[in-house]
Amino acid sequence: HLAAGASGRNAGFLLAGVGENYARAVHRHGRATAAEVWAFTMENHALITTMGARLDAAHRVRGSITAALDAAEAASLEASATLLAEDGLPGAITTTSEVPGGICALFSPTDGEIDPVRLVSGIAAAHAERVFERRPVVAVEDGDNIATVHLADTAIEATAVVLATNAWTPQLLSSVRIRAVRAQMLASAPAPPLIPRPVYAEWGHRYWRQRDDGCLLVGGFRHRAVADEVGYELGTTRLVQDNLDAQLLELGVSAAVTHRWAGTMGFSDDGLPLVGLAPRSRRIHVCAGYTGHGMGFAVNAAMALAACIIDQRPLPTWLDVARSARP
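Because the structure is a prediction, the values reported are computed rather than measured.

Hey, could you run me through the overall build of the protein chain in this one?
In terms of regular secondary structure, the protein chain is built from 8 helices and 16 strands. A compact globule built from 327 residues would reach a C-alpha radius of gyration of about 20 Å, and the protein chain, at 20 Å, matches this within 12%. With the principal axes as the frame, the protein chain shows a C-alpha extent of 60 × 45 × 40 Å. Split into buried and exposed, the 327 residues of the protein chain put 47% on the buried side.

I keep staring at the environment of Ala-71 and nothing clicks. Help me out?
Along the polypeptide, Ala-71 turns up in helix α4 (residues 71-86). C-alpha separation for the pair Ala-71 and Ala-3, spaced 68 residues apart in sequence, amounts to 38 Å.

Just to check I follow, could you spell out the side chain of Asn-44 for this structure?
As for its placement among the helices and strands, Asn-44 is situated in helix α3 (residues 31-52). Of the residues examined, Asn-44 reaches a relative accessible area of 0% and is grouped as buried. Within the structure, the side chain of Asn-44 is placed 2.8 Å from the backbone nitrogen of Asn-300, a separation counted as a polar contact. Filtering out sequence-adjacent residues up to four positions away, Asn-44 remains in contact with Met-295, Gly-296, Phe-297, Ala-298, Val-299 and Asn-300.

Before we go on, may I ask you to explain the packing of helix α2 (residues 22-29) against α3 in this structure?
In the contact formed by α2 and α3, the axes pass within 7 Å of each other and the chain directions differ by 130°. In terms of orientation, α2 lies oblique with respect to α3. Considering the relative orientation of α2 and α3, their crossing is right-handed. Between α2, through Tyr-22, Ala-25, Val-26 and His-29, and α3, the contact on the second element is made entirely by Arg-31, Thr-33, Ala-34, Ala-35 and Trp-38.

The rules behind these values
- Residues numbered from 1 in each chain as written.
- Predicted model: local features only at pLDDT ≥ 70, side-chain atom pairs only at ≥ 80, totals over all residues.
- Heavy atoms only, no water.
- Helix = DSSP H or I, 4+ residues; strand = E, 2+ residues; numbered from the N terminus.
- Rg over C-alpha atoms; globule rule 2.2 N^0.38 Å.
- Buried < 20%, exposed > 50% of the residue type's maximum accessible area, 1.4 Å probe, protein only.
- Polar contact = N/O pair within 3.5 Å; in protein donor to acceptor, adjacent residues only side chain to side chain.
- Contact = heavy atoms within 4.5 Å.
- Axes fitted to C-alpha atoms, helices over the stretch in contact; angles between N-to-C directions.
- Parallel < 35°, antiparallel > 145°, perpendicular 65-115°, else oblique.
- Left-handed = near helix turned anticlockwise from the far one by under 90°.

In short, shape yes, function no, at least from these values alone.
Shown next as structure tokens:
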């Protein structure tokens, strides 16, 4: 059903860039590509802002905080701030007493937040007659002129098929290199006001934000159980949830936990989305592999893929799934 996967199970962060800070992204992908990626995600946020103006999706732009909890991360954030300024991108170092244990923080003023389920439902509402929920797809078959989507009881033919199935994509097309990685979260009852914007800490391994109704959303700590937090099982675990409980207490929140849940994300090998004509396919395209940052990429990625299919507009090299088939 709509927003059943990571689209509805995330914290609703609308952040620029990838999961790593800008300095680490520059080191990994090169400076030009990192700058393009940041610009692409900022365009994505602009598209969502336009949508949010007509949807009741609790869209807010109050910036975000990425907090360093040790000297190594502080140095990396300071390098990020320098590179961002040189590349004309938003972000500045600030001291922070708002994050327990924080040495310094990178403040990104253009970042935002949103209710992801209300966003997805609102976008789909305009096309309700063409959205079919609870109809499992069991296979996709490529062809010279037609691709066939096999459901349990019927089949659909089309000149182009898009697998916007993120972590589940390899179950339909094994040639797509996406790993299923689990994340866990909790939500509290309303609590006194904390930081009025999304927060990342410890290299992005822990994160939280407080909604306007006072409820706190806390997630992360997958790095404490890397080998276990994989696959499609959506159950929570005691180890990770205990760490999330401890984070609540560290924030000074005594409100009761009202919800606990898990979600499966699709991770690519290089941390960037996989978009375009699938490897060795003629009619099957993919739009997936967001590596934990689907809210920051997905709308613009879908627009880019639509333009590629309909108008033959080329995709950015760093976004094109074809790169995953290269040596």
